[in-house]
Amino acid sequence: MLAADLNCVTSSASMADLAPLRTTRNLVDLAQDLEGITLVWDDGRVSRFTAAWLRDNCACPQCRHPQALERTYMFIDHATPTILAAAIGPGEVVDITFAAGSESHSSRFTKGWLREYGCCEDALREREFTQRLWGSDIASRLTTVSYADYMHTSDGVRAWIDAIQTDGVALLKGVPAQPGQLLEVGRRIGPIRATNFGDHYDVVSMPNPNASAYTAMGLELHTDLANWRSPPDVQLLCCLKSTVTGGESVFADGFMVAEELRIADPETHGLLSTHALDFRFHDDSCDIRARAPTIELDRAGRHLQVRFNNWLRAPMRLPEDVIEPMYQALATFWRMLRSPRFHLNVRLEPGDLIAYNNHRVLHGRAPFDPRSGERHLQGCYLNLEDLQSRLRLLDRV
Ligand SMILES: [Fe+2]
């Protein structure tokens with residue numbers, strides 16, 4: 001197939017990607033050898049692409065299903081490709097002809113796609129997601145979006161998602177204080193993540209509670225559902241009634257606290273990030289357990305997840321000589337979590353909906369007097385993938 005025949009490069013879709021993948025940068029040079037091509041951009045960036053990688057990512061209708069857009073080319077069934085010819089064509093697309101054994105194949109890559117997927121160090125660094133860690137200072141800059149903007153404008157929902165990605169927390173104001181309304185807010189993003197508590201739950205004081213949340217007790221800072229192998233990513237809490245004395249909500253950025261702990265006491269941080277603890281929730285209908293560290297790091301050592309929930313913590317099953325140090329380490333982290341300099345205090349009023357990353361932001365509440373009035377919140381959960389997907393869909397237009 002000739003490059004000119006490919007229908008994968010159109011004005012609306014490039015490289016069979018539904019996003020436009022445009023770049024303001026221009027290509028200034030292309031050098032080729034058998035193993036790959038090297039592109040030079042007008043900002044000085046130099047990107048190397050190997051023949052095997054380029055061939056694997058060809059988006060022509062022979063190599064991707066034309067409707068499903070999924071890869072049909074299977075590199076394992078073909079000889080290792082080499083570059084026969086490569087040139088920057090009109091419109092700054094890159095045309096490449098590959099040779100692989102007795103086969104040859106032509107592909108076309110737009111510059112926007114090459115810029116998006118290039119793997120040079122600059123590009124990888126540029127794509128690194130930056131989180132904005134916070135302490136009590138966030139109170140003055142907490143992202144607040146109106147319900148109307150969130151439900152009816154792209155900018156509104158984008159601002160809300162951006163805040164959850166960067167700060168891990170965002171507030172919606174003006175949500176109709178009706179039961180179930182938070183599900184409409186959630187479905188603006190994607191499907192609701194159900195748990196053993198259902199697709200949503202009511203945080204009210206109950207006569208026979210099966211969880212601490214359903215009492216009038218104060219709740220220490222915690223992450224929800226630590227007893228699940230994959231606790232829900234994003235929690236939504238919507239206030240319907242709030243006339244009680246007490247019951248203010250408190251939040252803390254677990255990554256901020258963990259980062260300070262890593263600097264102040266690397267040994268404690270190391271203990272919390274290398275030893276798994278057990279968590280358990282059980283009632284008449286379920287017995288759900290998980291085992292995971294308090295602080296989880298990614299391969300680069302960045303904070304990935306905090307899991308802290310004292311009432312779901314099960315007996316520690318650790319080497320005997322680690323149990324006492326683990327209690328000390330948990331106490332150190334817990335004392336830090338209690339420090340007001342990390343706290344965002346919010347009194348949720350009817351129509352307020354606060355959402356936060358449950359892997360990063362811990363939440364709690366002050367005790368309240370159930371005889372002084374009413375307090376009714378509803379909660380549900382969303383997947384982070386669905387938030388990120390919604391952002392990408394917004395980027396398509
Ligand atoms: Fe909770």
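Before any of the text, the structure's been laid out above.
Attention in this report is confined to the structure presented alongside it. (Residues numbered from 1 in each chain as written. Predicted model: local features only at pLDDT ≥ 70, side-chain atom pairs only at ≥ 80, totals over all residues. Heavy atoms only, no water.)

### Some thoughts on the nonpolar core
No. 1: With 51 residues, the main nonpolar core has F251, L272, M326, F333 and I354 as its most contacted residues.
No. 2: Dropping the residues within four chain positions of it, F251 is found in contact with W134, L221, F342, H343, L344, V346, I354, Y356, V361, L362 and H363.
No. 3: Core analysis: the next-biggest nonpolar cluster, separate from the first, contains 28 residues, L172, I192, L353 and L382 among them. (Core = buried A, V, L, I, M, F, W, Y, C linked by side-chain atoms within 4.5 Å. Buried < 20%, exposed > 50% of the residue type's maximum accessible area, 1.4 Å probe, protein only. Contact = heavy atoms within 4.5 Å.)

### Notes on unusual backbone geometry
No. 1: In this model, L21 sits at a positive phi of 50°, which is unusual for a non-glycine residue.
No. 2: Mapping L21 onto the fold places it in the segment before β1 (27-33).
No. 3: Non-glycine residue L69 carries a positive phi angle of around 65°.
No. 4: Considering the arrangement of structural elements, one finds L69 in the loop between α1 (51-56) and β4 (82-88).
No. 5: Classification of L69 by relative accessible area gives partly exposed; the value is 26%. (Helix = DSSP H or I, 4+ residues; strand = E, 2+ residues; numbered from the N terminus.)

### With respect to the pattern of salt bridges
No. 1: Here the structure, examined in full by the defined rule, presents 27 salt bridges.
No. 2: Among the salt bridges present, the one from R25 reaches D42, with a minimum N-O distance of 2.8 Å. A residue pair is termed long-range when its members are at least 10 positions apart, and R25 in the segment before β1 and D42 in the loop between β2 (36-41) and β3 (46-50) qualify at 17 residues.
No. 3: R25 gets classed as partly exposed once you look at its relative accessible area, which sits at 30%.
No. 4: Overall, D42 belongs to the partly exposed group, its relative accessible area being 35%.
No. 5: When the shortest N-O distance is used, the salt bridge between D352 and K173 registers 3.1 Å. With D352 in the loop between β18 (343-346) and β19 (353-357) and K173 in strand β8 (residues 169-173), the pair connects residues that are 179 residues apart, well separated along the chain.
No. 6: In this structure D352 comes out as buried when scored by relative accessible area, which is 4%.
No. 7: Within the structure, one salt-bridge network assembled from shared partners comprises E128, D298 and R302. (Salt bridge = Lys/Arg side-chain N within 4 Å of Asp/Glu carboxyl O.)

### A word on the pairing of β19
No. 1: By the criterion of burial, β19 is predominantly enclosed, with 5 of the 5 residues buried.
No. 2: The alternating pattern of β19 places L353, A355 and N357 and I354 and Y356 on opposite faces, both of which are buried.
No. 3: Note that β8 and β19 share 4 bridges and pair antiparallel. Paired with L171 across the strands is I354, a residue of β19.
No. 4: Relative to β19, strand β11 (residues 234-242) is paired through 5 bridges, and the arrangement is antiparallel. Residue pairing for β19: L236 is matched across the bridge by A355. (Pairing = 2+ DSSP bridges.)

### Topic: the sheet that holds β2
Hydrogen bonds between backbone atoms are what pair the strands of a sheet, whose relative direction is either parallel or antiparallel.
No. 1: Taken in spatial order, the 3 strands of this open sheet run β1-β2-β3, and their pairing is antiparallel. Across the chains shown, the open sheet's two edge strands, defined by having one partner strand only, are β1 and β3. Strand-to-strand twist across the sheet, computed as the mean angle between neighbouring axes with direction ignored, equals 20°.
No. 2: Where β1 meets β2, 6 bridges bridge the pair, whose relative direction is antiparallel. Of the residues in β2, the one forming a bridge with D33 is G36. (Axes fitted to C-alpha atoms, helices over the stretch in contact; angles between N-to-C directions.)

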